[in-house]
Amino acid sequence: MTIPTLLLVGCGKMGGALMRGWVSSPTPPRIFILDRKLQDAPAGCTIFRTPEEITPDVKPDIIVLAVKPAGAEAMLSSLKTVLGERMNHTALLSVMAGKSCEKLASWCGRADMPVIRTMPNTPSCVGAGATGLYASPHVSQAQKDLAIRLMEQVGTVVSVPHEEDLRTVIAIAGSAPAYVFYLAELLEKVGQDFGLDAHASRALVRGMIYGVGKMLHELPEDAETLRKNVTSPNGTTAAALSVFMKEEHWPRLIPEAAKAAIKRSRELDD
Ligand SMILES: NC(=O)c1ccc[n+]([C@@H]2O[C@H](COP(=O)([O-])OP(=O)(O)OC[C@H]3O[C@@H](n4cnc5c(N)ncnc54)[C@H](OP(=O)(O)O)[C@@H]3O)[C@@H](O)[C@H]2O)c1
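This is a predicted model, so every value here is computed, not measured. (Residues numbered from 1 in each chain as written. Predicted model: local features only at pLDDT ≥ 70, side-chain atom pairs only at ≥ 80, totals over all residues. Heavy atoms only, no water.)

**Quick notes on the UniProt feature "domain: Pyrroline-5-carboxylate reductase catalytic N-terminal" (unreviewed entry) in the protein chain**
Our working rule: UniProt positions are given in the numbering used here, feature names are shortened, and annotations may be inferred rather than shown by experiment. Labels follow the DSSP assignment, with helices taken as runs of H or I lasting at least four residues and strands as runs of E lasting at least two, numbered in each case from the N terminus.
Mapped onto this structure's residue numbering, the UniProt feature "domain: Pyrroline-5-carboxylate reductase catalytic N-terminal" (unreviewed entry) falls at residues 8–97. Across residues 8–97 one finds 26% helix and 20% strand; the C-alpha atoms that close the span lie 16 Å apart.

**Considering the nonpolar core**
For clarity, the cut-off: Nonpolar core, defined: a set of buried Ala, Val, Leu, Ile, Met, Phe, Trp, Tyr and Cys residues in which side-chain atoms within 4.5 Å join the residues together. Burial classes follow relative accessibility: with a 1.4 Å probe on protein chains only, a residue under 20% of its type's maximum area counts as buried, one over 50% as exposed, and anything between as partly exposed. Any two residues whose heavy atoms approach within 4.5 Å are treated as being in contact.
Ranked by internal contacts, the top residues of the largest apolar core, which has 31 residues, are L65, L79, L92 and L104. Taken together, the elements giving at least two residues each to this core come down to strand 1 (5–9), strand 2 (30–34), strand 4 (62–65), helix 2 (72–83), helix 3 (101–107), strand 6 (115–119) and helix 5 (165–174). Each residue touching L65, except ones within four places of it in the same chain, is listed here: V9, A72, M75, L76, L92, L93, S94, V95, M96 and L104. A17, I31, L38 and C45 belong to the second-largest nonpolar core, a separate cluster that totals 29 residues.

**Some points on helix 5**
Those residues of helix 5 not exposed but buried are L166, R167, V169, I170, A171 and A173. Looking at the packing, one finds that the buried side of helix 5 touches strand 6, strand 7 (129–135), helix 6 (176–193) and helix 10 (250–269).

**Some words on the environment of L183**
With respect to the helices and strands, L183 occurs in helix 6. You can call L183 partly exposed: its relative accessible area is 30%. Linking L183 and I209, residues 26 residues apart in sequence, is a C-alpha distance of 9.6 Å.

**Some thoughts on the pattern of salt bridges**
This is how the line gets drawn: By definition, a salt bridge exists where a carboxyl oxygen of Asp or Glu is found within 4 Å of a side-chain nitrogen of Lys or Arg.
Scanning the entire structure with this criterion turns up 11 salt bridges. In this structure, R167 and D269 form a salt bridge, with 2.6 Å as the shortest nitrogen-oxygen distance. With a gap of 102 residues between them, R167 in helix 5 and D269 in helix 10 connect regions that are remote in the sequence. Assigned by exposure class, R167 and D269 land together as buried. With its nearest N and O atoms 3.2 Å apart, the salt bridge here joins K263 to E267. Highlighted residues: K263 and E267, both in helix 10, separated by four residues, approximately one helical turn. Taken together, the shared-partner salt bridges connect E164, R167, R266 and D269 into one network.

Written out as structure tokens, the structure is:
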């Protein structure tokens, strides 16, 4: 199989997570990076600071767009100018939380530009990402297969049938690591407030979340069964869950938070 060439545009928190995941995978793609502040690139990756620095030998199979949605139009307009004819032989893979395939294609100067929209998450940096992927009608099967292969190199990929579905992916996977990190922060603080030292509290909470993730990933049981296995009748867990499971707590707050993320993704489209 030939090694694909990527132009990774924006190598911040998400682009950087993908880059780390790719370079640590068994068969890394060839990566050119466009980022104005990235200090060091891994061996084999070339950094350009501005679109104008991109050299004529860069002929990407896929351009991975990982800048903020507000900067996408200006960036694609510059890339269109710099890459010229090369823009006709590449596909665009956006990781952005906003901006439709149609809009991105028009900013590339080609209504028939093959655009793949994805919603990855930062656990991609350790090969444990979860990515939703939508391919617009102009994407060939070979380009879609390549996009899926690339994202599978950094974790789980789910193709969604409608572009609109990506909003739900944002709410339950793209943004969701932050919810779990917040839970970790709060649990670590509780551990300390209730008498453990910081190191012990951190080690226990991180070990617990790692173990839960590994069980959910590896075991066939559904989450509800795994939860019930922890919950002894009239025991400590039941006491704690009786707080979380009150109608006005997690059952209301989790969907409310998801709706807020979805609403914000609509605003980022404009
Ligand atoms: N963070 C996440 O967990 C996550 C998850 C899924 C999807 N996303 C999506 O990923 C995209 C990037 O988010 P992020 O959190 O990675 O943002 P970020 O950390 O700000 O990364 C963007 C990078 O691109 C650089 N950049 C922007 N415009 C540039 C230009 N014209 N020339 C050169 N470099 C440029 C930025 O440099 P400066 O800082 O100097 O501008 C920065 O290093 C967003 O669209 C977001 O919706 C993020």
